[in-house]
Amino acid sequence: MKLDISFTPDLVAMMRAEVAAGQKAVSVTMAQAGADLKSAWRGQITGAGLGQRLANTIRSQTYPKGRNSLDAAALVWSNAPVIVGAHDTGPLIRSGSGFWLAIPLPAAGKAQGGRRITPGMWEQKTGLRLRFVYRSRGPSLLVADAVRLNTRGQAAVSKSKTGTGQVTAPIFLLVRQVKLPKRLDLMRDAERAQAAILGSIVRNWVEGLVGK
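Residues numbered from 1 in each chain as written. Predicted model: local features only at pLDDT ≥ 70, side-chain atom pairs only at ≥ 80, totals over all residues. Heavy atoms only, no water.

A. Spatial organisation of the overall build of the chain. Along its length, the chain carries six helices and nine strands. Compactness check: the chain gives a C-alpha radius of gyration of 30 Å against a globular reference of 17 Å for 212 residues, more than 25% above the reference. Seen through its principal axes, the chain has C-alpha atoms that stretch 120 × 30 × 25 Å. Counting the 212 residues in the chain, one finds 29% classified as buried. Pairs at least 24 apart in sequence give 60% of the contacts found in the chain among residues at least 6 apart. Within the structure as shown, the chain displays about 14,300 Å² of accessible surface, and the carbon and sulfur contribution to it stands at 57%. The positive charge centre, built from 30 side chains, and the negative charge centre, built from 12, are 20 Å apart in the chain. (Helix = DSSP H or I, 4+ residues; strand = E, 2+ residues; numbered from the N terminus. Rg over C-alpha atoms; globule rule 2.2 N^0.38 Å. Buried < 20%, exposed > 50% of the residue type's maximum accessible area, 1.4 Å probe, protein only. Contact = heavy atoms within 4.5 Å. Areas by Shrake-Rupley, 256 points an atom, 1.4 Å probe, with all protein chains shown as cover. Lys, Arg positive; Asp, Glu negative; His and termini not counted. Charge placed at Lys NZ, Arg CZ, Asp CG, Glu CD.)

Pasting the structure below:
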């Protein structure tokens, strides 16, 4: 006796379709999770007043590229990790040389290109020498003598021969260390995104099957 057994519908085809649906569900979920987390981090950065330029350093990418996979993963990162990380952790910052941190005051102005100016840059820019003023209470100072303040409140070389309008202007505050305030909580959004992944995979998988 010979038996000829067949299944309708084709179980092999059904299993292949099921795997394909799962691959798509996982990949779609991870791509959306990455995009949502990127958006959330960018929103935190702009909401903290750190600017759109820094927010735009947040990027996301889904792997593997160009195909669906049950092992799909999303990576979200910043192209400025040191800056973003500092605002996320609120670190204690000390001078790398073990001496003072020089914090520019409004009278210091900016370096070329709008960069944060240093004492060396300021002296090179103005041709003037800074004088150290020690204070036992409060931060010590670097000051410039016999300068004038322009309309923007920045110290400039005085050409007065009589001393009219000349002042001694504080240019930099000197501190041993500074605690950067924590302005971001990136882990909070990352944990929320991670917690939503499983439910999103299930929804996308079921919707994918129903939509066939």
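Structure shown, so let's carry the discussion forward.
B. Focus on the packing of aromatic side chains. Using the criterion set out here, one finds one aromatic pair in the structure. Their ring planes at 50 degrees and their centres at 6.0 Å tell us that Trp 100 and Phe 132 sit as a pair that is tilted. With Trp 100 in the loop between β3 (92–94) and β4 (101–104) and Phe 132 in strand β5 (residues 131–133), this pair connects stretches of sequence that are 32 residues apart. For Trp 100, a relative accessible area of 27% translates into the label partly exposed. (Phe/Tyr/Trp six-rings, centres within 6.5 Å; stacked < 30°, edge-to-face > 60°.)

C. Representation of the pattern of salt bridges within the structure. Across all of its chains, the model carries five salt bridges by this definition. Taking the shortest distance from any N to any O, the salt bridge between Lys 182 and Asp 88 comes out at 3.6 Å. In this pair, Lys 182 sits in the loop between β9 (177–179) and α5 (186–195) while Asp 88 sits in helix α3 (residues 81–89), placing the two residues 94 residues apart along the sequence. Its relative accessible area of 49% is what places Lys 182 among the partly exposed residues. (Salt bridge = Lys/Arg side-chain N within 4 Å of Asp/Glu carboxyl O.)

D. Spotlight on the packing of helix α1 (residues 11–47) against α5. The geometry of α1 relative to α5 is characterised by a closest axis approach of 10 Å and an angle of 160 degrees between their N-to-C directions. The orientation of α1 with respect to α5, classified from their angle, is roughly antiparallel. Between α1 and α5 lies a crossing of right-handed hand. Residues Leu 37, Ala 40, Trp 41 and Gln 44 of α1 lie in contact with α5, whose contacting residues are Leu 186, Arg 188, Asp 189, Ala 190 and Ala 193. The residue makeup of the contact of α1 with α5, split by class, is six nonpolar, one polar and two charged. (Axes fitted to C-alpha atoms, helices over the stretch in contact; angles between N-to-C directions. Parallel < 35°, antiparallel > 145°, perpendicular 65-115°, else oblique. Left-handed = near helix turned anticlockwise from the far one by under 90°. Nonpolar A, V, L, I, M, F, W, Y, C, P; charged D, E, K, R; others polar.)

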